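Here are the chains, one letter per residue:
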Amino acid sequence: MNILGIETSCDETGIAIYNTEKQLIISEQLFSQASKHAQYGGVVPELASRDHLIKIIPLIKLTLEEAKLDFDDLNAIAYTAGPGLRGPLLIGASMAKSLAFSLKIPSIGIHHMEAHLLINLLEDPAPKFPFLTLLISGGHCLLINSKALGSYEIVGQTIDDAVGEAFDKVSKLLDLGYPGGPLIEQLAASGDSSAFNFPRPMANKDNLDFSFSGLKTSVFYALKEIDILTQEIKANIAASFQEAVAETLLIKSKKALEKTKQNELVIGGGVASNKYIRNRLINGLKGSQIYFPPLERCTDNGAMVAFAGSFYINKNNHKKNDLVLPKWPLSELKNG
Ligand code: KG4
Ligand code: ZN
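Computed from a prediction, not measured in an experiment: that's the story for all the values here.

Engineer: It is not clear to me how the site of ligand 1 should be interpreted in this structure. Could you clarify?
Structural biologist: Close to ligand 1 lie 21 residues; G138, D168, E185, G270 and D300 are nearest. G139 places a polar main-chain atom, nitrogen or oxygen, 3.3 Å from an oxygen atom of ligand 1. Note that a nitrogen atom of ligand 1 is positioned 2.8 Å from one of the side-chain N or O atoms of E185. Relative to its unbound accessible surface of 550 Å², ligand 1 loses 90% to contact with the protein. For the shell around ligand 1, the secondary structure elements donating two or more residues are α4 (112–118), α5 (163–173) and α6 (180–188). Looking at the shell around ligand 1 element by element, the count peaks at four residues for α6.

Engineer: For this particular structure, what's the right way to read the sheet that holds strand β9 (residues 264–268)?
Structural biologist: Backbone-to-backbone hydrogen bonds pair the strands of a sheet. The strands run either parallel or antiparallel. One open sheet holds the five strands; their spatial order is β8-β7-β6-β9-β10, and the pairing between them is mixed. The open sheet has two edge strands with one neighbour each: β8 (151–157) and β10 (289–291). Averaged over neighbouring strand pairs, the angle between their axes works out to 25° when direction is ignored.

Engineer: Before we go on, may I ask you to explain helix α2 (residues 45–66) in this structure?
Structural biologist: The periodicity of an α-helix, 3.6 residues per turn, causes residues three or four positions apart to be oriented the same way. In this model α2 runs 30 Å from its N-terminal to its C-terminal C-alpha over 22 residues, within 8% of the 32 Å that 1.5 Å per residue would give. Along α2, the sharpest change in direction is near 35° and occurs at K55; proline P58 comes one to four residues later. Listed in full, the buried residues belonging to α2 are A48, S49, D51, H52, I56, L59, I60, T63 and L64.

Engineer: Which parts of the structure should I look at to understand the sheet that holds strand β2 (residues 12–19)?
Structural biologist: The mixed open sheet is built from five strands, whose spatial order is β3-β2-β1-β4-β5. The outermost strands of the open sheet, each flanked by one partner alone, are β3 (24–32) and β5 (107–111). On average, adjacent strands in this sheet sit at an angle of 20° to one another, irrespective of strand direction. Here strand β1 (residues 2–7) runs beside β2; their pairing, made up of six bridges, is antiparallel. Bridge pairing in β2 links N2 to N19. Along the sheet face, helix α10 (residues 302–309) touches β1, β2, β3, β4 (76–82) and β5 and points at about 135° away from the line of β1.

Engineer: Help me understand the nonpolar core in this model?
Structural biologist: In summary, soluble globular proteins display a tendency toward joint burial of nonpolar side chains. With 56 residues, the main nonpolar core has L4, I6, I60, I77, I110, Y152 and L330 as its most contacted residues. Both domains that meet at this core, namely domain 1 (2–118 + 297–335) and domain 2 (128–292), each give it at least three residues. Discounting chain neighbours no more than four positions away, the residues touching I110 are A78, Y79, T80, A81, G82, A115, V305, A308, G309, Y312, N317 and W328. Core analysis: the second largest hydrophobic core is formed by 44 residues, F212, V219, A235 and A239 among them.

Engineer: What is the right way to read the pairing of β4 from this model?
Structural biologist: Looking along a regular strand, one sees the side chains alternate between the two faces of the sheet. Judged by how many residues are buried, β4 sits mostly within the fold: seven of seven residues are covered. Bridge count for β1 against β4 is four bridges, and the pairing is parallel. For I3, the partnering residue across the bridge sits in β4 and is A76. Pairing between β4 and β5: five bridges, direction parallel. The partner of G82 across the bridge, within β5, is H111. In this fold, the crossover linking β4 to β5 by way of helix α3 (residues 86–103) has right-handed handedness.

Reading the values: rules and limits
- Residues numbered from 1 in each chain as written.
- Chains lettered and ligands numbered in written order.
- Predicted model: local features only at pLDDT ≥ 70, side-chain atom pairs only at ≥ 80, totals over all residues.
- Heavy atoms only, no water.
- Near = heavy atom within 4 Å.
- Polar contact = N/O pair within 3.5 Å; in protein donor to acceptor, adjacent residues only side chain to side chain.
- Areas by Shrake-Rupley, 256 points an atom, 1.4 Å probe, with all protein chains shown as cover.
- Helix = DSSP H or I, 4+ residues; strand = E, 2+ residues; numbered from the N terminus.
- Pairing = 2+ DSSP bridges.
- Axes fitted to C-alpha atoms, helices over the stretch in contact; angles between N-to-C directions.
- Expected span 1.5 Å × (residues − 1).
- Bend = angle between axes of the 7 residues up to and from the residue.
- Buried < 20%, exposed > 50% of the residue type's maximum accessible area, 1.4 Å probe, protein only.
- Contact = heavy atoms within 4.5 Å.
- Core = buried A, V, L, I, M, F, W, Y, C linked by side-chain atoms within 4.5 Å.
- Domains from an automatic or database assignment.
- Right-handed = clockwise from strand over helix to strand, strands pointing away.

In structure tokens, the structure reads:
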């Protein structure tokens, strides 16, 4: 069975084909609009929708060509139904629905964050439910007790900014560009992570929630104190900020593993591609089994949507009939 996956929830048009017999992604294409949005310091939804519209058909054709398949060889189409930006989601959903209708095959609306989580199951070794999940992306920072497919209990979440959002905002303060995560990671590599003592937000609180807006504000005030911002100081700020994020994620993940009595931690989302954070979590949680997707499958991509589709063929994962669900909470997934 060949499942076409379509991801358009934000600023990446991701298309892929997952073959269920081979248990492989046999072809994938990704177009990132990041450079288009960079001049605005963040994603402009209207521009994102237009670009998805321009790219989606050529990318589907390229993906089929690369797999040496025809439209008729497709057996199902999975698309991101939410959460995400309404306009961009609508482009992917209407393409998926109309293609599925004309080919007389099923279309499957996928939850974007569940796709980020499930892509770990394509790896070898693969985690098995139940496990704890840490999803760290541009829109979310979630600790989840993942009990079974479609059955997720949020045990911790950010009360303000998402972790990727904090990277993007600090990058703006340092005048680095968008998206901020990879730029901060690169600059931090030459910096001293102990040069600035930024807070570990909510680390001492007993709950598993996060708060990253105060950390960003601390960077803002630290910058105000500096007369001449040299490249070296910038690198030190980037490294100290990154360490504050890494340690906060580590402290909360450790607490969550204890609270949920899980021993496996499954990580996903764009920030999970940060090698410094990956190493801090691996080294800090030595007694637990940690899973990460490959670097290129942490940020948004079509492969995770195509693969998630394989779990939901002939199953309904949401209660509503809406074409897209921009604010779909992970805890409201209907268990397969
Ligand atoms: O999962 P994703 O591609 O999209 C959302 O679902 O939000 O995550 C994008 C976020 C952006 O905020 C970006 O700055 C961040 O992930 N990110 C990183 C890195 N690569 C991407 N953050 C830290 N380090 C990175 N290497
Ligand atoms: Zn994402």
